Amino acid sequence: MNKEEILEKSRNDNKNNDPFYLETRVKGMKYGRIAAIIFCLALFAIDYIILDKMNFGYYSIFTASFAADYLYRWKKTDNKDDLYAGALMALATVVSVVHHFVHI
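Below or above, wherever it landed, is the structure these notes cover. Values in this document were obtained by computation on a predicted structure and should not be read as measured data. (Residues numbered from 1 in each chain as written. Predicted model: local features only at pLDDT ≥ 70, side-chain atom pairs only at ≥ 80, totals over all residues. Heavy atoms only, no water.)

The first and last C-alpha atoms of helix 4 (residues 80–102) sit 33 Å apart over 23 residues, in line with the 33 Å expected at 1.5 Å per residue. Turning to helix 4, its buried residues number three or more, namely Asp82, Gly86, Met89, Thr93 and Ser96. The elements touched by buried residues of helix 4 are helix 3 (56–77). Looking at where helix 4 begins, the residue whose side-chain oxygen comes 2.9 Å from the main-chain nitrogen of aspartate 81 is asparagine 79. (Helix = DSSP H or I, 4+ residues; strand = E, 2+ residues; numbered from the N terminus. Expected span 1.5 Å × (residues − 1). Buried < 20%, exposed > 50% of the residue type's maximum accessible area, 1.4 Å probe, protein only. Contact = heavy atoms within 4.5 Å. Polar contact = N/O pair within 3.5 Å; in protein donor to acceptor, adjacent residues only side chain to side chain.)

The following block contains the structure:
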């Protein structure tokens, strides 16, 4: 094997562990989540303004997103603050889902 073949094999073996790739992927997911949250909140506001109805289904997507993020971070880091925040967001998700189905 020459030097170029070794480098190519190394690149292929470490393709998914590349720090730039991982950082780009994480940032992409963050921006995607932010866009989804903004869209859900916009739909929530539009329903309230136009239909004079509060659709808590959209809000539950918002809170579930944060609950999953906090609870995942707590599981990986054992940070109690993430546990508390995740539990509160999970509770807000349950309340908003129940509220949504009660008021359909």
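What follows is about the packing of helix 3 against helix 4. Think of two packed helices as two axes; the pair is described by the angle between the axes and how far apart they sit. Here helix 3 crosses helix 4 at 155°, and the two axes come no closer than 7 Å. On the basis of their axis angle, the class for helix 3 and helix 4 is roughly antiparallel. Where helix 3 crosses over helix 4, the two elements pack in a sense that is left-handed. Partitioning the contact of helix 3 with helix 4 into residue classes produces 15 nonpolar, 9 polar and 3 charged. (Axes fitted to C-alpha atoms, helices over the stretch in contact; angles between N-to-C directions. Parallel < 35°, antiparallel > 145°, perpendicular 65-115°, else oblique. Left-handed = near helix turned anticlockwise from the far one by under 90°. Nonpolar A, V, L, I, M, F, W, Y, C, P; charged D, E, K, R; others polar.)

Oppositely charged side chains may form a pair once their charged atoms are brought near each other. By the definition in use, this model includes 3 salt bridges. Here aspartate 69 and arginine 33 are joined by a salt bridge, their closest N and O atoms 3.0 Å apart. Residue aspartate 69 is located in helix 3, and its partner arginine 33 is located in helix 2 (residues 19–51); the two are separated by 36 residues in the primary sequence. (Salt bridge = Lys/Arg side-chain N within 4 Å of Asp/Glu carboxyl O.)

On to the environment of leucine 88, then. Tracing the chain through its elements places leucine 88 in helix 4. As for leucine 88 and threonine 63, which are separated by 25 residues in sequence, their C-alpha atoms are 9.2 Å apart.

Along the chain, threonine 63 turns up in helix 3. At a separation of 3.1 Å, a polar atom in the side chain of threonine 63 contacts the main-chain carbonyl oxygen of serine 60. Sequence-distant contacts of threonine 63, defined by excluding residues within four places in its chain, comprise Met89, Ala92, Thr93 and Ser96.

Under the counting rule described, the total for this entry stands at 6 aromatic pairs. Three or more aromatic residues joined by ring pairs form one cluster here, namely Phe44, Phe56, Tyr59, Phe62, Phe66 and Tyr70. A cation over an aromatic ring shows up here: arginine 33 above the ring of phenylalanine 66, its NZ or CZ 4.3 Å from the ring centre. (Phe/Tyr/Trp six-rings, centres within 6.5 Å; stacked < 30°, edge-to-face > 60°. Lys NZ or Arg CZ within 6 Å of the ring centre and 35° of its normal.)

The next subject is unusual backbone geometry. The residue aspartate 52 is not glycine, and still its phi comes out positive at about 55°. Structurally, aspartate 52 is set in the loop between helix 2 and helix 3. Note on aspartate 52: relative accessible area 62%, which makes it exposed. Even without being glycine, aspartate 78 reaches a positive phi, approximately 60°.

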